[in-house]
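A structural walkthrough
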Amino acid sequence: MGMPALLSRLAGALVALAVLLPLAAVFWRAGGASALGPADWAAVRFSLTQASLSALLSVALAVPAARALARRQFPGRSLLVTLLGAPFILPVVVAVFGLLAVFGQNGIASRALVLLGFEPLSIYGLHGVVLAHVFFNLPLATRLILQGWLAIPAERFRLAATLGLPPGAVFRLLEVPMLLRAAPGALVVIFVICLSSFAVALTLGGGPRATTVELAIYQAFRFEFDLGRAALLSVVQLLLAAGAAALAARLALPPAMGAGLDRVTPRWDAARAALRAQDAAWLTLVAAFLLVPLAMIVARGVPGLFEMPAQVWRAAGYSLAVALGSTVLTVALALPLASRGGEVLAVSAIAVSPLVLGTGLFLILRPVASPGDVALPVTAAVNALMALPFALRVIRPELEAVRSDYGRLCLSLGLTGRWFWTRVALPRLRRPLGFAAGLTAALSAGDLGVIALFADPERATLPLQMYRLMGAYRMEAAAGAALLLLAMSLALFWAFDRGGRVART
Amino acid sequence: MRSLLIAAGLVTGAAAAQAQTPELTVYTYDSFVSDWGPGPQIESAFEEVCGCDLTFVAAGDGAALLSRIRLEGESTEADIVLGLDTNLTHAARETGLFAGHGLSPELDLPVAWEDPHFLPFDWGYFAFVHDADFDAPGSFTELAESDASILIQDPRSSTPGLGLVMWVKAAYGDEAQAIWDGLADNVVTVTPGWSEAYGLFLEGEADMVLSYTTSPAYHLIAEDDPTKAAAPFEEGHYMQVEVAGMLEGTEEPELARQFLEFMTGPAFQSVIPTTNWMYPAVTPPEGLPEGFETLITPDEALLFTPAEAAEIRDAALEEWRVGLSR
């Protein structure tokens with residue numbers, strides 16, 4: 001019924017090797033692992049704390065936001081849904097600057113507080129790290145959970161309305177089971193991406209108390225050139241991620257809603273004024289939290305747009321190529337890997353430190369190719385790997401729903417293999433595929449990936465070029481490049497995501 | 001027929017000449033090679049005199065550069081590594097990959113320079129940069145007692161961050177721990193690199209940022225903005241000396257040496273002040289660009305030797321960590 005087993009195994013082996021071979025290369029070059037010290041374990045503890053808090057808070061806040069989006073129609077709703085994707089795909093340093101323009105010592109929120117006679121906000125510390133991670137991941141969690149809501153067949157809500165169920169009962173009977181299915185997966189991808197946080201945790205952490213595992217890896221690598229310790233820390237991160245992913249896979253319920261007729265859901269239960277006001281309040285809050293920092297990024301970037309050197313435009317072209325390459329690769333891997341095991345594998349893979357992964361790839365590829373020549377393909381491949389768990393999180397629940405809802409029917413009709421995919425599965429997967437492709441393209445365009453290790457001066461991607469501008473005092477031009485990057489990522493995201501949605505209707 | 005033969009001969013000759021053009025590969029840090037960095041001007045200036053093809057390869061920052069050379073070992077394609085500082089040269093020397101340069105140019109450094117492997121190409125003083133109208137403290141002790149807020153870089157991921165740790169250690173020795181304890185409440189945050197800290201400072205996140213005494217020159221010369229200043233500290237200022245060295249395994253030792261010689265010459269050095277925003281290792285004949293005379297000049301230059309720096313680094317880092325973790 002599903003993808004041919006051989007294809008799934010092949011894709012799985014490819015992902016596993018793409019991570020394990022570089023790790024092994026680093027261990028081999030180091031001549032073995034070296035022991036971890038107390039400071040390393042403190043970093044593990046801090047990483048776990050901030051990642052757990054960030055994931056829990058992101059998902060908890062996403063539930064009411066997704067519910068409001070699921071049961072309301074209003075002008076600008078689809079624009080809001082697209083813009084919600086923006087923070088997640090921003091390069092870290094850009095997002096941090098956007099957040100600081102609002103919540104920093106000199107941000108607009110602080111200035112307003114000072115005007116009113118209060119102390120300015122202090123964003124630096126564990127709370128700042130969590131705030132930034134929520135800013136990044138709340139939109140992703142919202143979209144993932146919104147997808148769960150939209151997957152509840154309209155017929156169920158119709159039945160609930162016929163039976164005169166109050167909103168509380170609708171929530172308990174229809175929405176809670178859906179959440180139990182959607183939430184663990186969302187929690188895990190966010191937990192893992194926050195686990196390997198580096199620049200956010202460092203910039204907003206306020207000092208050495210906020211030392212994450214990724215920073216400990218940096219220290220081992222750059223300071224002591226202790227490759228064995230760097231690789232071992234990477235393995236610790238990988239095991240934590242794999243553990244979390246396996247646990248979530250166990251906890252998540254299988255789809256059990258049954259099939260519907262794919263109709264838009266009118267929500268009779270939500271027509272009350274109080275609920276309407278509640279949804280409006282949630283959406284306003286979430287939109288303000290996400291969009292005001294974005295607006296600040298745009299405002300900072302506009303003057304710089306006219307100061308960008310020609311290199312920036314060339315870099316944008318390279319980034320576009322990298323983004324499209326990653327998208328093809330990710331979607332090609334995601335379809336055969338859309339299974340429980342595939343998702344655990346993909347989630348574990350992104351917990352490997354980019355620094356260690358890049359070093360390993362460098363060691364493997366250098367004997368056969370000049371690092372500068374393979375910089376762009378390697379970046380595209382690594383970015384594809386990094387986007388894979390998100391693509392899977394989007395695609396897998398819907399694919400499983402298709403299988404459980406239509407699998408037996410298709411079997412009895414003899415619709416298997418190619419027919420099942422082209423006639424039943426793919427048409428139903430257009431929306432998640434479009435969303436996953438948009439996410440991948442945008443993430444890949446904005447990600448620094450491993451290019452810094454490989455790049456030659458001629459072939460820098462846009463994020464790298466932006467860092468170079470910052471490193472040369474050209475903060476205004478860098479802000480312009482950041483705006484260009486934001487616009488490009490959003491356009492990619494919008495094009496794929498919309499492609500998926502339009503095709504459905 | 002004859003003219004055809006001549007033409008063919010010319011073509012072969014040209015191809016042979018092209019094949020014989022020697023190549024020189026220089027590994028350097030990222031910001032050196034960008035359009036607005038010194039790289040492009042230096043490349044064309046050197047290619048004019050060397051009859052060779054000069055290629056810059058960018059690899060992160062100074063520490064990443066050293067890591068890359070260590071990863072590549074003897075099989076490296078680099079002939080020259082340009083962009084290490086004196087906190088890294090000890091480890092670089094220990095790799096045994098670097099050759100003696102055998103040169104002794106007259107340098108304009110505030111300290112004596114005798115290093116058989118590495119030659120400086122520019123240098124600067126670390127300093128806290130602030131808005132000119134801010135009443136800046138005049139020493140670390142004054143800073144620690146004041147409520148001035150500062151942005152610094154993490155010494156584990158940033159070369160200026162490590163420079164500050166060395167600065168406090170050089171100025172205070174055994175008292176360094178007390179200074180860090182006192183600075184803990186002044187530090188707004190610690191960033192991964194110089195760019196983030198400097199960017200946050202320009203956004204108004206703190207009163208001062210750890211940078212260089214030459215930073216105000218960028219604002220003055222490139223942006224016509226005289227509102228930035230560096231705070232002179234009475235303990236003296238720690239230096240960053242950026243160096244280059246040639247590799248033992250280079251196939252072009254003569255060319256590599258020629259590059260190092262060129263590096264301390266006027267064509268290279270006159271590019272440095274307004275692209276790298278540091279002091280040139282040898283002041284070019286035309287002097288420093290207009291605007292540099294407005295910069296503060298510390299009374300005392302502090303600098304550990306590479307061996308000292310390597311020896312005290314871990315203990316100094318631990319003082320930093322303990323002090324700021326409170």
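To be clear, the structure that these remarks concern was listed above.
Fair warning: this is a prediction, and the values are worked out from it, not measured in the lab. (Residues numbered from 1 in each chain as written. Chains lettered and ligands numbered in written order. Predicted model: local features only at pLDDT ≥ 70, side-chain atom pairs only at ≥ 80, totals over all residues. Heavy atoms only, no water.)

**Remarks on the interface of chain B and chain A**
Each side of the interface is counted separately: chain B has 56 residues, and chain A has 52 residues. Interface area, chain B with chain A, both sides summed: about 4700 Å², of which 59% is carbon and sulfur. Ranking the residues of chain B by area buried against chain A places W36(B), L71(B) and R156(B) at the top, with a combined share of 19%. Put simply, chain B and chain A have 4 salt bridges between them. A salt bridge links D61(B) to R222(A); its shortest N-O distance comes to 2.9 Å. Our count for the chain B to chain A interface comes out at 17 residue pairs in polar contact (both at pLDDT 80 or more). Within the residue set of the side of chain B that touches chain A, elements represented by two or more residues are α2 (30-33), β2 (53-58), α4 (62-72), β6 (187-191), α9 (194-202), α10 (215-223) and α13 (306-325) of chain B. (Contact = heavy atoms within 4.5 Å. Buried area = accessible area lost by both parts, 1.4 Å probe. Salt bridge = Lys/Arg side-chain N within 4 Å of Asp/Glu carboxyl O. Polar contact = N/O pair within 3.5 Å; in protein donor to acceptor, adjacent residues only side chain to side chain. Helix = DSSP H or I, 4+ residues; strand = E, 2+ residues; numbered from the N terminus.)

**Some words on the state of the cysteines**
All names here are of chain B. Counted under the stated rule, the structure contains 1 disulfide over all chains. Linked covalently through their sulfurs, C50 and C52 form a disulfide whose S-S length is 2.1 Å. Looking along the S-S bond of the C50-C52 disulfide, the torsion reads about -85 degrees, which is the left-handed sense. C50 gets classed as buried once you look at its relative accessible area, which sits at 13%. The class for C52 is buried, based on a relative accessible area of 6%. (Disulfide = S-S within 2.5 Å. Buried < 20%, exposed > 50% of the residue type's maximum accessible area, 1.4 Å probe, protein only.)

**Considering the pattern of salt bridges**
Residue and element names in this part refer to chain A. All chains considered together, the criterion is met by 20 salt bridges over all chains. E343 is the partner of R396 in a salt bridge, and the nearest nitrogen-oxygen pair spans 2.5 Å. Here R396 is found in helix α17 (residues 371-413), whereas its partner E343 is found in helix α15 (residues 340-349), with 53 residues between them in sequence. For R396, a relative accessible area of 11% puts it in the buried group. By relative accessible area, E343 is classed as buried at 7%. Within this structure, E343, R393, R396 and E400 form a network of salt bridges that share partners.

Keep in mind that these numbers describe shape and distance, not what the molecule does.
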